Amino acid sequence: MTQSPLLFSPGTGEYAHGTSPLSSSAEQHPGFVAVPRTAADVGEIVTEAAARGLVVMPQATGHGASGAVDEKTIIVDTSSLDDLHIDAESRTASAGAGQTWGTVNAQAERYGLLGLAGSAPSARSPGSPSAAGSAG
Ligand SMILES: Cc1cc2nc3c(=O)[nH]c(=O)nc-3n(C[C@H](O)[C@H](O)[C@H](O)COP(=O)(O)OP(=O)(O)OC[C@H]3O[C@@H](n4cnc5c(N)ncnc54)[C@H](O)[C@@H]3O)c2cc1C
């Protein structure tokens, strides 16, 4: 099977970055690291994973990483998906999967708004359970 250019194997810089979670005690040895830059890329990665019989695991920072990740997994490194749109009128924010709470709230503050983040500004907003209601 031809390898998608979105997939990176062990030995590449992208694989090393994608398997270096902030929670450094987690062992991560996935089959591939995938690095999407657009929503369409994410679709292509999921299709590729299904064709290979692999599961996908999104990871923004690995702040919440725990447990082993084996070769049957593709870690999807979402850190490049950093879109952010704040609608002051509806008091909502739309953040890419790689956007951090620190940035979301720095922008929200300009409108007198605040997302219900945890205490870690480096955590990515979609990865935080508290993000669902406030920045979804
Ligand atoms: C040891 C430890 C200490 C912590 N300390 C703090 C702290 O001091 N302050 C604090 O605020 N929080 C803390 N946390 C909690 C952490 O911030 C949360 O786990 C948060 O979810 C991290 O988000 P992330 O996306 O940066 O991390 P990630 O590890 O990248 O993701 C967290 C989870 O969300 C999933 N996920 C990520 N992106 C997506 C997506 N786009 N779609 C679906 N699922 C997704 C991942 O698969 C993973 O299960 C701690 C967690 C741990 C394990």
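Definitions and cut-offs
Residues numbered from 1 in each chain as written. Predicted model: local features only at pLDDT ≥ 70, side-chain atom pairs only at ≥ 80, totals over all residues. Helix = DSSP H or I, 4+ residues; strand = E, 2+ residues; numbered from the N terminus. Expected span 1.5 Å × (residues − 1). Domains from an automatic or database assignment. Contact = placed C-beta atoms within 7 Å. Nonpolar A, V, L, I, M, F, W, Y, C, P; charged D, E, K, R; others polar. Buried ≥ 20, exposed ≤ 12 C-beta atoms within 10 Å, placed from the backbone. Pairing = 2+ DSSP bridges. Axes fitted to C-alpha atoms, helices over the stretch in contact; angles between N-to-C directions.

A. Representation of helix 2 (residues 39-52). Taking 1.5 Å per residue as the helical rise, helix 2 with its 14 residues ought to reach 20 Å, and the 20 Å between its terminal C-alpha atoms agrees with that figure. Looking at the residues trailing helix 2, positive phi occurs at Gly-53, about 70°.

B. The domain arrangement of the protein chain, seen in detail. As far as domains go, the protein chain holds domain 1 (7-80) and domain 2 (84-134). Each of domain 1 and domain 2 has a C-alpha centre, and the two are 23 Å apart. Counting from both sides, the interface comprises nine residues of domain 1 and, opposite them, eight residues of domain 2. Looking at the side of domain 1 that touches domain 2 residue by residue, the classes come out as three nonpolar, six polar and no charged.

C. The arrangement of unusual backbone geometry in detail. Positive phi outside glycine occurs at Arg-91, with the angle close to 55°. Positionally, Arg-91 belongs in the loop between strand 5 (84-87) and strand 6 (92-95). A residue is classified by how many C-beta atoms lie within 10 Å of it, and Arg-91, with 12 of them, is exposed.

D. Region of interest: the sheet that holds strand 4 (residues 73-77). With mixed pairing, the four strands of this open sheet are ordered in space as 1-2-4-3. The open sheet has two edge strands, strand 1 (7-8) and strand 3 (55-59), and neither has a second partner. Here helix 2 sits on the sheet and contacts strand 1, strand 2 (32-34), strand 3 and strand 4; the angle it forms with strand 3, its principal contact strand, is near 145°.

E. Highlighting the pairing of strand 4. For strand 4, the buried fraction is high: four of the five residues fall into the buried class. Direction of pairing for strand 2 relative to strand 4: parallel, over a ladder of three bridges. Looking across to strand 4, one finds that Phe-32 is bridged to Ile-74. Looking at chain direction, strand 3 and strand 4 are connected through five bridges and run parallel. Residue Gln-59 lies in a different strand from strand 4, and its bridge partner there is Asp-77.

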